[in-house]
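# Working through the structure, step by step
Residue-level listing of the chains:
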Amino acid sequence: MSIYDTLNEQQREAVFCTEGPLLLLAGAGSGKTRVLTHRIAYLIEQGVNPYHIMAITFTNKAAREMRERVDALVGSGAEHIWVSTFHSTCVRILRRHIDKLGYDNSFTIYDSDDQKSLIRGICKQFRVDTKSLPERAVMNAISSAKDEFMTPGEYETRYNFDFKKKKIAEIYKEYQKQLKANNALDFDDLLFKTVELFQFHPEVLDYYQERFRYIMVDEYQDTNTIQFQLISMLARKYQNLCVVGDDDQSIYKFRGANIKNILNFEGVFQDAEVIKLEQNYRSTKNILNAANEVIKNNKGRKEKALWTENDDGDSIVFHQYGTEYEEAGQIVEEIGRLAKDGVNYKNIAILYRTNAQSRIFEEKFMIKNIPYRIVGGMNFYQRKEVKDVICYLKAVDNGLDDLAVKRIINVPRRGIGATTIDKVQTYAIEQNIGFLDACFEARQIESLANAKRKIEKFSELIADFREQAQKGSLEDLFHYILKQTGYVTGLEAEGTEEALVRIENINELLNKIVAYEEAAEDPTLSGLLEEIALVADIDSLEDSDNRVVLMTLHSAKGLEFPYVFMSGMEDGIFPSYMTIISEDQEELEEERRLCYVGITRAKERLYLSAAKRRMMQGRTQFNKVSRFIDEIPQELLKLDYGVNLNDKRPDHDIFSSNRRTQFRKPFQKHQFAEPKAESLSYGAGDRVSHIKFGQGTVMEIVSGGRDYEVTVDFDKHGVKKMFASFAKLKKTEQN
DNA sequence: AACCATGTACTTTTT
DNA sequence: GTACATGGTT
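Residues numbered from 1 in each chain as written. Chains lettered and ligands numbered in written order. Predicted model: local features only at pLDDT ≥ 70, side-chain atom pairs only at ≥ 80, totals over all residues. Heavy atoms only, no water.

Condition: UniProt positions are given in the numbering used here, feature names are shortened, and annotations may be inferred rather than shown by experiment.
Chain A goes by ATP-dependent DNA helicase in an unreviewed UniProt entry, where it is assigned to Anaerostipes hominis. Per its UniProt entry, chain A bears the Sequence similarities (unreviewed entry) comment "Belongs to the helicase family. UvrD subfamily."

Written out as structure tokens, the structure reads:
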């Protein structure tokens with residue numbers, strides 16, 4: 001009896017095939033993680049030093065789970081296996097060697113928001129007409145170029161006949177220049193620079209080739225060109241590369257995923273073994289058949305037939321509702337019923353095409369008091385207050401990070417405005433130094449008048465934080481920064497509910513910092529910031545958390561749930577409008593693969609739903625039922641168009657939509673709506689005088705949140721609205 | 001410099 | 001419908 005007895009024939013074959021390149025075509029739910037973990041166990045059993053084994057996953061969550069499962073299987077030694085994501089892997093390598101490429105090893109990682117601000121700045125600087133060339137397009141173009149391992153120079157040569165692309169090449173060049181000046185790398189750079197490092201420094205490549213003699217890559221269908229480049233470089237020497245993927249689940253083409261990586265694997269790695277895992281252990285026959293029938297409509301795919309020994313199971317339920325409010329309401333009702341029947345909330349997932357669709361569900365869950373968790377959308381670390389505090393930490397960690405410094409220089413308010421910042425920046429450029437260093441030299445900047453002292457005070461503050469960073473723990477530093485800047489005090493003074501939520505978020509950030517400090521072997525500020533930069537929302541999804549999970553179909557990849565609701569099954573939503581109007585047939589096929597991914601997440605029961613009428617971007621849209629629904633054979637579906645088809649009572653929906661605002665600010669209290677100043681010395685109908693507009697008659701006084709809004713009809717300037725505390729109106733004698 | 005009011009663009013999906 | 005950018009006002 002061995003641990004391998006529980007595997008089926010193909011799985012066992014894959015586990016025992018340890019030498020040479022191996023392509024594992026693993027259908028949804030075919031137990032690929034089991035194969036990978038058992039394969040690692042087998043390698044170790046065969047005498048391979050765990051130190052020589054590397055497994056690359058797509059998310060941190062997948063990496064963590066794999067490590068746990070390997071730990072359970074092999075016991076000691078497993079901690080030496082390198083299990084991580086592409087991005088973390090690259091960071092680890094670059095932290096040791098990037099100085100060879102002229103960067104400082106303590107580089108900062110820029111997220112997409114940082115990326116955007118940097119590009120925005122460059123577009124302004126170059127006077128780019130962002131109407132014809134939006135920043136977003138520039139960003140995507142640069143990102144794609146990096147995915148294809150194309151330098152700015154190469155980009156320029158390649159596209160020099162195209163006016164727009166030439167412009168993009170210029171921006172790309174400047175963008176890289178500024179990143180380097182800020183000692184920062186964006187997400188794409190992490191891979192790009194690692195490949196570059198291996199290219200220009202064969203001795204470094206050789207070191208890692210020796211180290212990673214056995215490489216495994218999960219979710220291989222979603223790798224892009226540069227990721228492929230990276231792993232093929234590493235595997236070149238020993239050729240022990242095992243990739244696991246499913247071409248039917250390739251859903252990241254928009255992000256550069258290159259399906260050729262999987263389709264041409266055998267061409268690139270000669271003598272590659274190919275093993276197919278086609279038995280599904282996850283879903284019922286009905287669910288699996290539906291998935292097969294849908295994906296069958298795609299042309300560009302490797303033929304395969306997923307099968308299962310599981311029961312037929314329940315029929316798939318399909319409802320078309322009148323509106324999205326009904327849809328969400330009924331789904332939440334059904335979830336309530338399931339819970340009553342003893343189903344755990346965490347066994348239920350709601351999937352949708354776009355993050356924006358989550359909002360209505362959130363309302364309904366709040367009303368029904370059902371615990372839920374929304375994955376994705378606005379990331380915790382993207383919130384303003386969290387980002388502000390992080391930028392203080394960044395400024396302490398990497399003084400060259402101009403973006404971080406500029407973000408916080410006037411947060412909280414220090415009276416440092418755009419003009420002052422420009423002056424400092426000009427000086428920095430003249431002296432060829434970083435922005436913060438320019439602040440330290442404020443004394444030499446002649447153009448600064450009154451602002452000089454403010455800048456000096458700010459740079460002293462940062463210097464003080466640096467000193468503190470040397471002395472104490474990260475937690476101490478965090479408290480010290482909050483205390484010295486008065487950030488939380490300021491929020492407390494605001495007293496609004498929103499401010500209280502922000503304070504909570506800052507406390508949450510503190511919890512994360514403390515947790516990091518406890519968990520990390522050698523906690524450092526750089527390490528903390530790195531971890532923050534590389535976490536995805538999905539990574540924090542804990543199995544112990546008993547809540548209904550809501551997320552996009554993309555985020556759901558790799559997960560499974562007994563009960564799955566796929567909502568918004570409408571042409572124009574899913575498949576999305578963009579892919580319907582696109583001439584490129586491939587795009588619709590990608591949507592279909594996404595649908596396949598969604599269906600195959602379900603283990604026991606699948607609910608599909610659509611709305612006839614849906615509000616999108618403030619407009620009502622009438623959508624047809626998704627073409628993907630038509631591709632599912634009728635006999636698998638329990639059709640139920642009936643219920644609300646003739647419902648002519650939209651009032652209910654409008655009612656709940658109006659109540660929305662209340663639920664978004666659930667703790668709205670009135671105690672803070674303190675009517676401002678004493679009463680005013682004038683009233684409606686009185687004659688008043690204004691310093692600029694002269695004489696006028698008061699038309700109306702409205703008592704706003706913290707001030708009176710006064711409408712005055714001025715004799716010479718007409719009707720104006722103004723706030724009493726600013727306007728300084730004086731009552732004058734009546735005519 | 002800071003604040004508010006108004007206008008505009010956005011939505012595909014994310015490590 | 002919202003988040004952000006802009007312009008006007010003190």
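### Some points on helix α22 (residues 474–485)
Condition: Secondary structure elements follow DSSP: runs of H or I no shorter than four residues count as helices, runs of E no shorter than two count as strands, and numbering proceeds from the N terminus. An expected span of 1.5 Å times one less than the residue number is assigned to each helix. The buried label goes to any residue with under 20% of its type's maximum accessible area, the exposed label to any with over 50%, and the partly exposed label to all in between, with areas taken from a 1.4 Å probe on protein chains only.
The terminal C-alpha atoms of α22 lie 16 Å apart, and with twelve residues this matches the ideal 16 Å at 1.5 Å per residue to within 8%. Residues Leu474, Leu477, Phe478, Tyr480, Ile481, Leu482 and Thr485 constitute the buried set of α22. Taken from the residues just after α22, Gly486 is the one with a positive phi, measuring 70°.

### Remarks on the sheet that holds strand β3 (residues 82–85)
Definition in use: Note on pairing: two strands pair once DSSP finds at least 2 bridges between them. Here, axes are lines fitted to C-alpha atoms. For helices the fit covers the stretch in contact, and angles between N-to-C directions go from 0 to 180 degrees. We call two residues contacting when some pair of their heavy atoms lies within 4.5 Å.
Pairing is parallel across the open sheet formed by six strands, whose spatial order is β3-β2-β6-β7-β1-β8. Edge positions in the sheet fall to β3 and β8 (273–277), since each has one partner strand and no second. Adjacent strand axes in the sheet meet at a mean angle of 15°, parallel and antiparallel pairs treated alike. Pairing geometry for strand β1 (residues 22–26) and β8, over five bridges, is parallel. Residue pairing for β8: Leu25 is matched across the bridge by Lys276. Against the sheet, helix α2 (residues 32–45) touches β1, β2 (53–57), β6 (214–217), β7 (241–245) and β8, its axis set at about 175° to β6.

### Points about the protein's contact with DNA strand B
Basically, it comes down to this: Here a residue is near a molecule or strand as soon as one of its heavy atoms is found within 4 Å of it. Polar contact criterion, stated in full: a pair of N or O atoms within 3.5 Å, where within protein one must be able to donate a hydrogen and the other to accept it, and residues adjacent in sequence count only if both atoms are side-chain atoms. Amino acid classes used here: Ala, Val, Leu, Ile, Met, Phe, Trp, Tyr, Cys and Pro are nonpolar; Asp, Glu, Lys and Arg are charged; the rest, including Gly, are polar.
In the region of DNA strand B, 28 residues are neighbours, and Arg255, Arg353, Arg413, Gly417 and Thr419 sit closest. Among the atoms of DNA strand B close to the protein, meaning within 4 Å, 71% are from sugar or phosphate groups. Contact between DNA strand B and Ser555: a phosphate oxygen at 3.2 Å from a side-chain N or O atom of the residue. Breaking the surface near DNA strand B down by element, the ones donating at least two residues are α19 (418–431) and α26 (553–556). In terms of residue class, the surface near DNA strand B is made up of eight nonpolar, 13 polar and seven charged.

### Regarding the packing of aromatic side chains
Between two aromatic rings, the relevant description is the distance of the centres plus the angle of the planes. Keep this limit in mind: Each Phe, Tyr or Trp ring (for Trp, its six-membered ring) is paired with any other whose centre lies within 6.5 Å, and the angle between the two planes then decides the class: stacked below 30 degrees, edge-to-face above 60, tilted in between. Placement of a positive charge over a ring is assigned whenever Lys NZ or Arg CZ falls within 6 Å of the ring centre and within 35 degrees of the normal to the ring plane.
Scanning the model with the defined rule gives 21 aromatic pairs in all. Note on Phe149 and Phe192: the rings are 4.8 Å apart at their centroids and 55° apart in plane angle, and the pair reads as tilted. Note that Phe149 is positioned in the loop between α6 (135–147) and α7 (152–158) and Phe192 in helix α9 (residues 187–200), a separation of 43 residues in sequence. In terms of burial, Phe149 and Phe192 fall into one category: buried. Grouped by ring-pair contacts, the aromatic residues Trp82, Phe198, Tyr207, Tyr208 and Phe212 constitute a single cluster. Taking the ring centre of Tyr51 as reference, the NZ or CZ of Arg211 above it sits at 3.9 Å. One residue, Arg255, lies across the ring of Tyr252, its end atom 4.5 Å from the ring centre.

### Side note on unusual backbone geometry
Negative phi characterises most residues that are not glycine, and trans characterises most peptide bonds. Cis rather than trans, the peptide bond between Val411 and Pro412 has omega equal to -5°. Within the secondary structure, Pro412 sits in the loop between α18 (402–408) and α19. The omega torsion across Phe574 and Pro575 is 5°, close enough to zero to call that bond cis. Structurally, Pro575 can be placed in the loop between β15 (561–566) and α27 (577–581).

### Some words on the UniProt feature "domain: UvrD-like helicase C-terminal" (unreviewed entry) in chain A
The positions that UniProt labels "domain: UvrD-like helicase C-terminal" (unreviewed entry) are, in the present scheme, residues 285–558. The span residues 285–558 is 58% helix and 8% strand, and its two end C-alpha atoms sit 19 Å from each other.

### Focus: the nonpolar core
Using the following cut-off: Think of a nonpolar core as a cluster: buried Ala, Val, Leu, Ile, Met, Phe, Trp, Tyr and Cys residues, connected wherever their side-chain atoms sit within 4.5 Å.
Membership of the largest hydrophobic core comes to 68 residues, with the highest contact counts inside it found for Tyr155, Leu190, Phe198 and Leu234. Here the element with the most residues in this core is helix α11 (residues 225–235); it accounts for seven residues. Those residues within four positions of Tyr155 in sequence are excluded, and the remaining contacts are Ala141, Ala145, Met150, Lys165, Ile168, Ala169 and Tyr172. Residues Val396, Val405, Cys439 and Leu529 belong to the second largest nonpolar core, which totals 53 residues.

### Here's the deal with a negative patch on the surface
Under the convention used in this document: A patch consists of residues exposed above 30% relative accessible area that lack any salt bridge, with like charges linked at up to 9 Å and nonpolar side chains (Val, Leu, Ile, Met, Phe, Trp, Tyr) linked at up to 5 Å. Methods summary: accessible areas were calculated by the Shrake-Rupley approach with a probe of 1.4 Å, and residue burial reflects only the protein chains presented. Criterion for a salt bridge: a side-chain nitrogen of Lys or Arg within 4 Å of a carboxyl oxygen of Asp or Glu. Here Asp and Glu are counted as negative and Lys and Arg as positive; His is not counted, and neither are the chain ends. All charge positions are set by atom: Lys at NZ, Arg at CZ, Asp at CG, Glu at CD.
Taken together, Glu68, Asp71, Glu79, Glu542 and Asp543 make up a surface patch of like negative charges. Looking at where Asp71 falls in the secondary structure, it is placed in helix α3 (residues 60–74). When its relative accessible area of 35% is taken as the criterion, Asp71 is described as partly exposed.

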